[in-house]
Amino acid sequence: MSGVTEPPVGASQQAVVTDGTGEAWAEEREVPEPGPGEALVRVTAIGICGSDVGLIHGEGPPWTDYPIVLGHEVAGEVVALGDGVDDLEVGQRVALHGFVFCGTCEGCRDGRYYQCDELKEIGFTIDGGYRKYAAWPAYTLTPLPDDVSDVQASQIDSAGCTLHAMHRVATSFTDTAAVLGPGSLGLYGVQLLRAQGVDDVVLTGTRDERLEAGERLGATRTVNVREEDPVEALMEHTDGRGVDLCIEAAGAGDVLETCVQSAAKQGTIALTGVFGQQKDLDPDQIVAKELTIVGGVTAAHAVDEVIELFRRGDLTTEGVVTHEFPLEEFETALDTVQNRRDGVVKAVLRP
Ligand SMILES: [Zn+2]
Ligand SMILES: [Zn+2]
């Protein structure tokens, strides 16, 4: 192990743990020594993800392994290196992607390592970033340029998930796109569509302050679905044609049905939200309009691109990251996110 200043390996620190029974609590943990191929990271910012709240309530992905230290949307600084790490340096600022994979299964050999048969995910299977120091495989850490902040780096996962789903569909300059759901995925989605040259982006949701944030970030029209029927509004906006691309970023309510009803002929629907339950769809609409429906599940393939978009100013966290809390105030922070208090869109913890 090598480090410029002696990292506090073996010292005790507080980590936020859950077992999926509805509670998260602080627990004493040792600062780990980085093993071969690992880096010890001093965590500087962690985004609170909707899936963290789900994990606390027992709704983790199939690869969840309780009890677990929460946190996968992590920015930090490398403070020590284990043996055999030669592509990172102590002092480097980094962003985490949480995917730990085998490298030999069919998905891995095909470059889809986020679909590894043995997939482990930091913050779900391997202890995550709700703590000050953590050791993770060096290949999960991407160095950051100076002009991308720690808070921006903690948002790479959210923005990257939407971008990855968008990589799976074709967009054109003349498209009308709809983003359903003005949470962080949707608000990054609006910005990403505009950055890709799609100039007509409609944002739908239930909260005016989030829709207003979407307008400031480039949405050309917003629809509060409590006041307007979203299908009618989208059809009227497109003179009855329907939208070319629907990005579902809500994971709740009737948004799937809205996508299918409001898509144009040969339109595309990209799903990024997690519903946690079965939903009805009208298959005849899919057949008759020849719709394409794709899903997107990871940010790991979009990390470099999102870093570049933040650096260029094509992406901003303004209006998206609305709250920051010290790590010790994790209970207040989680409560704020879970119960959508105080106009929160995205909250970030600072250890
Ligand atoms: Zn996340
Ligand atoms: Zn694999």
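Just above, that's the structure.
The structure contained in this document is the topic of the report that follows.

The rules behind the values
- Residues numbered from 1 in each chain as written.
- Chains lettered and ligands numbered in written order.
- Predicted model: local features only at pLDDT ≥ 70, side-chain atom pairs only at ≥ 80, totals over all residues.
- Heavy atoms only, no water.
- Pairing = 2+ DSSP bridges.
- Helix = DSSP H or I, 4+ residues; strand = E, 2+ residues; numbered from the N terminus.
- Axes fitted to C-alpha atoms, helices over the stretch in contact; angles between N-to-C directions.
- Contact = heavy atoms within 4.5 Å.
- Expected span 1.5 Å × (residues − 1).
- Buried < 20%, exposed > 50% of the residue type's maximum accessible area, 1.4 Å probe, protein only.
- Donors = N, O, S within 2.8 Å, 3.2 Å for Na, K, Ca; no water.
- Tetrahedral: all angles 85-135°; square planar, octahedral: opposite > 155°, others 65-115°.
- Core = buried A, V, L, I, M, F, W, Y, C linked by side-chain atoms within 4.5 Å.

## A closer look at the sheet that holds strand β12 (residues 200–205)
Spatially, 6 strands are ordered β13-β12-β11-β14-β15-β16 in an open sheet, and the strand pairing comes out parallel. Both outer strands of the open sheet, β13 (221–224) and β16 (292–295), are each paired with one neighbouring strand and no more. Sheet twist, expressed as the mean angle between neighbouring strand axes with direction ignored, is 15°. By the bridge criterion, 4 bridges tie β12 to β13 in an arrangement that is parallel. Directly across from G205, in β13, lies its bridge partner N224. Contacts from helix α8 (residues 255–262) reach β11 (176–180), β14 (243–248) and β15 (263–271), with the element oriented near 150° to β15.

## What to know about helix α5 (residues 184–195)
The end-to-end C-alpha distance of α5 is 16 Å, a good match for the 16 Å that 12 residues give at a rise of 1.5 Å each. All buried positions along α5 are accounted for by S184, L185, G186, L187, Y188, G189, V190, Q191, L192 and L193. Of the residues trailing α5, G197 is marked for its positive phi of about 95°.

## Observations regarding the coordination of the zinc ion (ligand 1)
Taken together, C49 (SG), H72 (NE2), E73 (OE) and D157 (OD) make up the protein donors of the zinc ion (ligand 1), found 2.2 to 2.6 Å from the metal. Given 4 donor atoms and angles of 87 to 160° at the metal, the environment of the zinc ion (ligand 1) is assigned as irregular. One chain supplies every donor to the zinc ion (ligand 1), and in sequence these donors are spaced C-x22-H-E-x83-D. Of the two residues, E73 sits in strand β5 (residues 73–81) while D157 sits in helix α4 (residues 156–167), which places them 84 residues apart along the sequence. Classification of E73 as buried rests on a relative accessible area of 1%.

## Comments concerning the nonpolar core
In terms of nonpolar packing, the biggest core is built from 42 residues, with I156, L193, V306 and L315 touching the most fellow members. If you list the elements that add at least two residues to this core, you get α3 (150–153), α4, β11, α5, β12, α6 (208–216), β14 and α10 (303–312). In contact with L193, other than residues within four places in its own chain, are M166, T171, A177, V179, V198, V201, L245 and I247. V17, V41, V74 and Y130 belong to the second largest nonpolar core, which has 39 residues in total.

## Describing the side chain of R221
Looking at the secondary structure, you find R221 in strand β13. For R221, the contacting residues outside a window of four places in its chain are V201, V202, L203, E228, A233, E236 and H237.

## Some details on the coordination of the zinc ion (ligand 2)
Taken together, C102 (SG), C105 (SG), C108 (SG) and C116 (SG) make up the protein donors of the zinc ion (ligand 2), found 2.3 to 2.4 Å from the metal. Of note, the zinc ion (ligand 2) draws all its donor residues from one chain, in the sequence arrangement C-x2-C-x2-C-x7-C. Overall, the relative accessible area of 33% leaves C102 in the partly exposed class.

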